[in-house]
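These are the residues of each chain, in order.
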Amino acid sequence: MKLKLIEKFRKRTAHIAVIGLGRVGLPTSAVFAGAGFSVVGVDVLEDVVQDVSLRRVRANEQGLKDLLQRVVSSGRLRASTESIGVVEESDAVVVCVQTPIDDQRRPDLTYLKRACDEVAQGLAEGKLVIVVSTVPPGTMKNTVVHILEDRSRLKCGVDFWLAYCPERITPGKILREFATGDRIVGSFDEDSATVAVELLKTVTNGDLLITDCGSAEVTKLAENAFRDANIAFANELALICESVGVDVIEAIRLANTHPRVRIHWPGCGVGGPCLTKDPYLLLHSKTSKHVELGVVKASRELNDFMPTHTVELATRVLKEIGKSVNRSRIAVLGVAYKQDTDDATNSPAEVIIRELVSLGASVVVFDPYCNESFGAEKMKNVAEAFDGSDCVIIATDHAVFKKLELKKLKTLMKKPLIVDGKRVIDPDKAKDAGLLYFGVGYQSKL
Ligand code: SAJ
């Protein structure tokens, strides 16, 4: 049975179902179809399914539109809202549904449980199920395997194979990272690992690192929680540097010349769908009775405070130069949560804009890629944003913001104040251009 499935993967004759066509599922479907498989992507949302049929990609993701055009036109990828029948006709099922947190920041596994229940209804002997969704530790063992086995009356590792292979793709570079990145393959049994590796080998040249499910779950969460904590450390340093009059970027640059130090970049906050959520999935399982497990939680809290800190910085400096925030026109450059993408999910810019508006400022925004404006007036270009402003706040590190013509732009401003939330501008260049420059981790003398 196992060899038959492996043979189908090698010959690309296997049929693959991808459940969930979001940020991860859509590229996953396209990549498997691009590798030669016949793929059906399933989503509960009609318009998402229709987007695939119309070959429409909403995200600004390098190469994805071309790949989708190719695989849909060739008939290797289609989409459906009906999961059970699609699973019945598939040899492998890849689950990519969202695993959000609720208002209390507890994991909400509703989508995952529903997807597993439907997969179980279409499951038969000899199929492989791979879960890709990010999950709290223990979810595969305590939830996923039970739903699959109970509903299908089949035995994992005997009748069907099951693996947990979290994604590691980063928006903007998804296809490249998919093709070259190493992948974790967590499984309960050797055969499941072998079969999952055979499938993943068809789409990545990276190493496939086999482990048990629990380790794979913790690894995925550790990756994002570590990055969040590292950024929080950089942000804490930034706050310290502001109070002692040191440029945090200089301190981090020098500290990072030490062979065992690698501090991340500070800024006006951490956004996106992953770093803002995954640490809470990890925290959900904390169990120590002897010590308060504070690092992950404190990191989240500090990073969540940074947009407010940026607003406070702008407000204070405006006041010092004789301008109250409620009489100021403030331009926010960048709405996306991440450089050179159009995604505004949990963007620090949202908090910055909303707080400025609630303080009575007149807020305008410019982002070359992102249509979202969180209620602020959208400007067509950088010059329009600077024109008549009392303060410009940089909230996203888009590459174009690193090359602003500061001398020219300064002449358009009412007050020449720039607050660099992403530290993309050289303070000396800004000062040479006649600007008052403040930034996260950088204080100027007025
Ligand atoms: N950020 C900083 N300082 C830094 C790096 C990032 O402030 O030094 C900010 C960014 O501006 C952004 C936020 O953090 O607002 C998140 O950006 P990111 O590039 O760290 O991460 P994501 O959320 O786009 O993608 C992460 C990646 N995880 C890691 O790098 C460990 C990606 O590889 C994962 O696949 C993705 O989460 C995911 O889906 O889990």
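As a reminder, the structure under discussion sits directly above these lines.
Computed from a predicted model, the values in this text were never measured in an experiment. (Residues numbered from 1 in each chain as written. Predicted model: local features only at pLDDT ≥ 70, side-chain atom pairs only at ≥ 80, totals over all residues. Heavy atoms only, no water.)

## Concerning the sheet that holds strand β14 (residues 436–439)
Here is step 1: With respect to topology, six strands assemble into an open sheet ordered β11-β10-β9-β12-β13-β14, the strand pairing being parallel. Taken across any chain shown, the strands that pair with only one partner, and hence form the sheet edges, are β11 (377–378) and β14.
Here is step 2: Sheet analysis places strand β13 (residues 417–420) next to β14, joined by four bridges and oriented parallel. The partner of D420 across the bridge, within β14, is G439.
Here is step 3: Of the strands in this sheet, β9 (329–333), β12 (391–394), β13 and β14 touch helix α13 (residues 295–320), which is tilted by about 160° from β13. (Pairing = 2+ DSSP bridges. Helix = DSSP H or I, 4+ residues; strand = E, 2+ residues; numbered from the N terminus. Contact = heavy atoms within 4.5 Å. Axes fitted to C-alpha atoms, helices over the stretch in contact; angles between N-to-C directions.)

## Overview of the environment of A385
Here is step 1: When you line up the elements, A385 lands in helix α15 (residues 382–386).
Here is step 2: Once the C-alpha coordinates of A385 and L68 are considered, the two residues, 317 residues apart in sequence, prove to be 36 Å apart.
Here is step 3: In contact with A385, not counting residues within four places along its chain, are R329, A331, L333, V364, F366 and M379.

## What to know about the site of the ligand
Here is step 1: E167, I169, K220, R227 and Y337 are the nearest of the 22 residues found near the ligand.
Here is step 2: Measuring from an oxygen atom of the ligand, one finds a backbone N or O atom of I169 at 2.6 Å.
Here is step 3: At a separation of 2.9 Å, an oxygen atom of the ligand approaches a polar backbone atom of G271.
Here is step 4: Surface burial for the ligand is 87%, taken as the share of its 760 Å² of free accessible area covered by protein chains.
Here is step 5: Looking at the shell around the ligand, the element that brings in the most residues is helix α10 (residues 213–244), giving five residues.
Here is step 6: Classifying every residue of the shell around the ligand gives eight nonpolar, five polar and nine charged. (Near = heavy atom within 4 Å. Polar contact = N/O pair within 3.5 Å; in protein donor to acceptor, adjacent residues only side chain to side chain. Areas by Shrake-Rupley, 256 points an atom, 1.4 Å probe, with all protein chains shown as cover. Nonpolar A, V, L, I, M, F, W, Y, C, P; charged D, E, K, R; others polar.)

## Notes on the packing of aromatic side chains
Here is step 1: For the structure shown, the criterion picks out four aromatic pairs.
Here is step 2: Taking 6.4 Å as the distance between ring centres and 85° as the angle between the ring planes, the aromatic pair formed by F9 and F37 counts as edge-to-face. Of this pair, F9 sits in helix α1 (residues 2–11) while F37 is found in the loop between α2 (25–34) and β2 (38–42), placing the two residues 28 residues apart along the sequence. Residue F9 shares its accessibility class with F37, and that shared class is buried.
Here is step 3: Clustering of aromatic rings is evident, with ring pairs tying together F9, F32 and F37. (Phe/Tyr/Trp six-rings, centres within 6.5 Å; stacked < 30°, edge-to-face > 60°. Buried < 20%, exposed > 50% of the residue type's maximum accessible area, 1.4 Å probe, protein only.)

## Remarks on the packing of helix α6 (residues 110–122) against helix α7 (residues 139–152)
Here is step 1: For the pair α6 and α7, interaxial distance at closest approach is 7 Å and the crossing angle is 35°. Pair α6 / α7 crosses with right-handed handedness. Listed contacts from α7 to L112, K113, C116, D117, V119, A120 and Q121 of α6 are T139, T143, V144, I147, L148, R151 and S152.
Here is step 2: Classifying every residue of the contact of α6 with α7 gives seven nonpolar, four polar and three charged. (Left-handed = near helix turned anticlockwise from the far one by under 90°.)

## Some points on a positive patch on the surface
Here is step 1: Together, K173, R176, R227 and R262 make up a region of like positive charge exposed at the surface.
Here is step 2: With respect to the helices, strands and loops of the structure, R227 is situated in helix α10.
Here is step 3: Accessibility expressed as a relative area gives 43% for R227, which makes it partly exposed. (Patch = residues over 30% accessible without salt bridge, like charges linked within 9 Å, V, L, I, M, F, W, Y side chains within 5 Å. Salt bridge = Lys/Arg side-chain N within 4 Å of Asp/Glu carboxyl O. Lys, Arg positive; Asp, Glu negative; His and termini not counted. Charge placed at Lys NZ, Arg CZ, Asp CG, Glu CD.)

## Describing the pattern of salt bridges
As a working rule, side chains carrying opposite charge can pair if their charged atoms are close by.
Here is step 1: Tallied over the full model, the rule gives 25 salt bridges.
Here is step 2: Across the pair R423 and D247 runs a salt bridge, and its minimum N-O distance is 3.0 Å. Linking R423 in the loop between β13 and α17 (427–432) with D247 in the loop between α10 and α11 (248–255), this pair joins segments that are 176 residues apart in sequence.
Here is step 3: A salt bridge links K408 to E405; the nearest nitrogen and oxygen atoms lie 3.6 Å apart. Across the pair, E405 and K408 agree in class, each one exposed.
Here is step 4: Each of R105, D228, R300 and D304 takes part in salt bridges that share partners, so that together they form one network.

## Observations regarding the side chain of E242
Here is step 1: Its location among the elements puts E242 in helix α10.
Here is step 2: In this structure E242 is buried but unpaired, with R316 as the nearest side chain of opposite charge at 5.5 Å.
Here is step 3: A polar side-chain atom of E242 sits 2.8 Å from the main-chain amide nitrogen of G441.
Here is step 4: Contacts of E242, omitting those with residues within four sequence positions, involve H309, L313, G439, V440, G441, Y442 and Q443.

## A closer look at the sheet that holds strand β4 (residues 92–95)
Here is step 1: Taking strand neighbours across the sheet as the criterion, the eight strands line up as β3-β2-β1-β4-β5-β6-β7-β8 in an open arrangement whose pairing is mixed. Pairing within the sheet leaves two strands with one partner each, and these edge strands are β3 (77–80) and β8 (208–212). Taking the axes of each pair of neighbouring strands and ignoring which way they run, one obtains an average angle of 25° across the sheet.
Here is step 2: Note: β4 against strand β5 (residues 128–131), four bridges, orientation parallel. Paired with V95 across the two strands is V131, which belongs to β5.
Here is step 3: Sheet strands touched by α6: β1 (15–19), β4 and β5. Its angle to β4, the strand with the most contacts, is close to 170°.

## Comments concerning the pairing of β5
Here is step 1: What you see with β5 is no split at all: L128 and I130 on one side and V129 and V131 on the other are buried throughout.
Here is step 2: In this view, the connection linking β4 to its parallel neighbour β5 by way of α6 has right-handed handedness.
Here is step 3: Relative to strand β6 (residues 161–164), β5 runs parallel, the two being bridged by four bridges. Bridge assignment links I130 to a residue of β6, and that residue is A163.
Here is step 4: Handedness of the β-α-β unit built from β5, α7 and β6 comes out right-handed. (Right-handed = clockwise from strand over helix to strand, strands pointing away.)

## Things to note about the environment of C370
Here is step 1: Looking at the element boundaries, C370 is found in the loop between β10 (362–366) and β11.
Here is step 2: Overall, the relative accessible area of 5% leaves C370 in the buried class.
Here is step 3: Along the chain, C370 and D47 lie 323 residues apart, while their C-alpha atoms are 21 Å from each other.
Here is step 4: Each residue touching C370, except ones within four places of it in the same chain, is listed here: V335, A336, D342 and A344.

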